[in-house]
Amino acid sequence: MIVRKFKSLFLRIKCKVRKLVIFYKSIYCQHGNEILLIPPTLLNGSFGDELMVVSFLEKYKDRPVTLYTQKVIIRSDLFKSYSNLSYLPWSVTPNYYKYNSCYVLGADNMSGTYGNEEVLEKTSILKEANRHKLSTSILGFSLSSKTTDIVKKEFKEISSFTSFYLRESDSYARASEFLPEDKISLVADLAFNCPLVPCENLAYTEWIKHQKFEGKLIVAICPNSIHMRGYQDEAYVDQYIDCLKIFAKIVPTAFVLLYHDIRDLNKGWDDKKISNAIFKKIGNSLSVFFPEEIQNGIELKAFLPFVDMTLTSRMHFGISGISLGKPMFGITYENKFSGLQRFFEIDPDRSLVDYKNLEQVEHVLPLFLQDLEQNRIKLQNHLLRVRELSNRNFQH
């Protein structure tokens, strides 16, 4: 018993001494050149978050980057070409003296609308990084119209030492209501500069050739399993099918049924399962293609150069298409797509419907298709400027 108590006491003292040494070095020793990077999620199936991390790594290929996450998930399929990358779980205290900066990739989960706990955990890391004299920033994120008071209070507290990079105009306007003007910047999402790899799915490229030969409009589809929570059974699948049928009535159309999140966020349903269910229900009545083997956001983006537009309930899916000049018809939520469309002077009222009112597709889609060629030109005219805004995430 005495030995166990002594051993436990020794380990506690050892841990405290180690933390003191790290703190001393971080304050009084010269900092290293490494980057501590906190991704939006665990990177266990959210393709949009993967695109943000890859875009960040592309920018900092010449510097060591540590992915600091709740737990380590090795993604060799995604990061095999980045030898500068290492992993660290939150259960381990970083050696802060190795770093000179700490970044949070904010995405859409820093508003508190998915819960305050993870937001507060990330801001606590920024506070600790600041104590160790590191530069701190939250990059490329959205603020919802429902941003919680707890998050607003926390952001005000860290605004004395943290910079906030809002990824579209609506979020920037919301931030300006409670954060200092000199601490907020209007940017665009990091994913606008995510690299493109060749598509290796030969069956898909052959299918594309056949659809184009027949003169069909090719539309890339992406549902959202979180939106499905408000529907009974497969009613969400059926409503999406109704949207596709409306398309087909207006113009000859072929649909690529894709997915941008393969996490189980809704009782066994993910984006992939929804797209597969749509495929099985309409595969004999409409021209559709469903690839089963996509592993990550980079592989998915390779499917989009061949399409004419996207119909998406996932913003990063839309961004991947827009970055390639493909107009987006958005199934939106929490006003998150309107600021994105306004970047390109595209009218949200003629290009978006709310996911709770999918029946509005029948009224808005014809307007969007009328504007399709004009919107394509608008993307071309503004894309360089938006990519430059995306690069502002790195201007510290």
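Scroll up to find the structure this text is about.
Everything numeric in this text was worked out from a predicted model, so none of it was measured. (Residues numbered from 1 in each chain as written. Predicted model: local features only at pLDDT ≥ 70, side-chain atom pairs only at ≥ 80, totals over all residues. Heavy atoms only, no water.)

Caption draft 1: Broad picture of the nonpolar core. Core analysis: the biggest nonpolar cluster contains 100 residues, and Phe-56, Phe-79, Phe-329 and Phe-344 have the highest contact counts within it. Per-element tally for this core: the top contributor is helix α8 (residues 235–250), with eight residues. Counting residues in each nonpolar core, the second largest holds 27 residues, with Leu-36, Leu-88, Ile-138 and Ile-158 among its members. (Core = buried A, V, L, I, M, F, W, Y, C linked by side-chain atoms within 4.5 Å. Buried < 20%, exposed > 50% of the residue type's maximum accessible area, 1.4 Å probe, protein only. Helix = DSSP H or I, 4+ residues; strand = E, 2+ residues; numbered from the N terminus.)

Caption draft 2: Quick peek at the pairing of strand β9 (residues 253–257). With five of its five residues buried, β9 lies for the most part within the structure. Neither face of β9 is exposed, since Thr-253, Phe-255 and Leu-257 on one face and Ala-254 and Val-256 on the opposite face are all buried. As paired strands, strand β8 (residues 217–222) and β9 are joined by five bridges and run parallel to one another. Counted as the bridge partner of Ala-220 is Val-256 from β9. Relative to strand β10 (residues 287–289), β9 runs parallel, the two being bridged by three bridges. For Val-256, the partnering residue across the bridge sits in β10 and is Phe-289. Regarding topology, helix α9 (residues 271–282) serves as the crossover connection from β9 to the parallel β10, and that connection is right-handed. (Pairing = 2+ DSSP bridges. Right-handed = clockwise from strand over helix to strand, strands pointing away.)

Caption draft 3: Inspection of the sheet that holds strand β13 (residues 352–354) at higher detail. Judged by pairing direction, the sheet is parallel, and its six strands sit side by side in the order β10-β9-β8-β11-β12-β13 without closing on themselves. One side of each edge strand has no neighbouring strand; the edge strands of this open sheet are β10 and β13. Between one strand and the next, the sheet's axes are offset by a mean angle of 20°, whatever the strand orientation. Most of the contacts of helix α11 (residues 315–322) go to strand β11 (residues 309–312), to which it runs at about 175°, and overall it touches β8, β11 and β12 (328–332). (Axes fitted to C-alpha atoms, helices over the stretch in contact; angles between N-to-C directions. Contact = heavy atoms within 4.5 Å.)

Caption draft 4: Representation of the pairing of strand β1 (residues 34–38) in the model. Counting buried positions along β1 gives five out of five residues, so the element sits mostly inside the fold. Looking at chain direction, β1 and strand β4 (residues 99–107) are connected through five bridges and run parallel. Its bridge partner being in β4, Glu-34 is matched across the sheet by Tyr-99. Note that β1 and strand β2 (residues 65–69) share three bridges and pair parallel. Note on β2: the bridge partner recorded for Leu-37 is Leu-67. Taken together, β1, helix α2 (residues 47–59) and β2 constitute a β-α-β crossover, and its handedness is right-handed.

Caption draft 5: Spatial organisation of the pattern of salt bridges. According to the stated counting rule, one finds 19 salt bridges in the structure shown. Note that Arg-75 is salt-bridged to Asp-77, the shortest N-O span being 2.9 Å. Salt-bridge contacts for Asp-261 lead to Arg-263; the nearest nitrogen and oxygen are separated by 2.6 Å. The same class applies to Asp-261 as to Arg-263, namely buried. Taken together, the shared-partner salt bridges in this structure form one network comprising Asp-261, Arg-263, Asp-271 and Arg-314. (Salt bridge = Lys/Arg side-chain N within 4 Å of Asp/Glu carboxyl O.)

Caption draft 6: Representation of the side chain of Asn-109 within the structure. Within the secondary structure, Asn-109 sits in the loop between β4 and α4 (117–131). A relative accessible area of 13% means that Asn-109 is categorised as buried. A distance of 2.8 Å separates a polar side-chain atom of Asn-109 from the backbone oxygen of Pro-40. Contacts of Asn-109, omitting those with residues within four sequence positions, involve Pro-40, Thr-41, Tyr-114, Glu-118, Val-119 and Lys-122. (Polar contact = N/O pair within 3.5 Å; in protein donor to acceptor, adjacent residues only side chain to side chain.)

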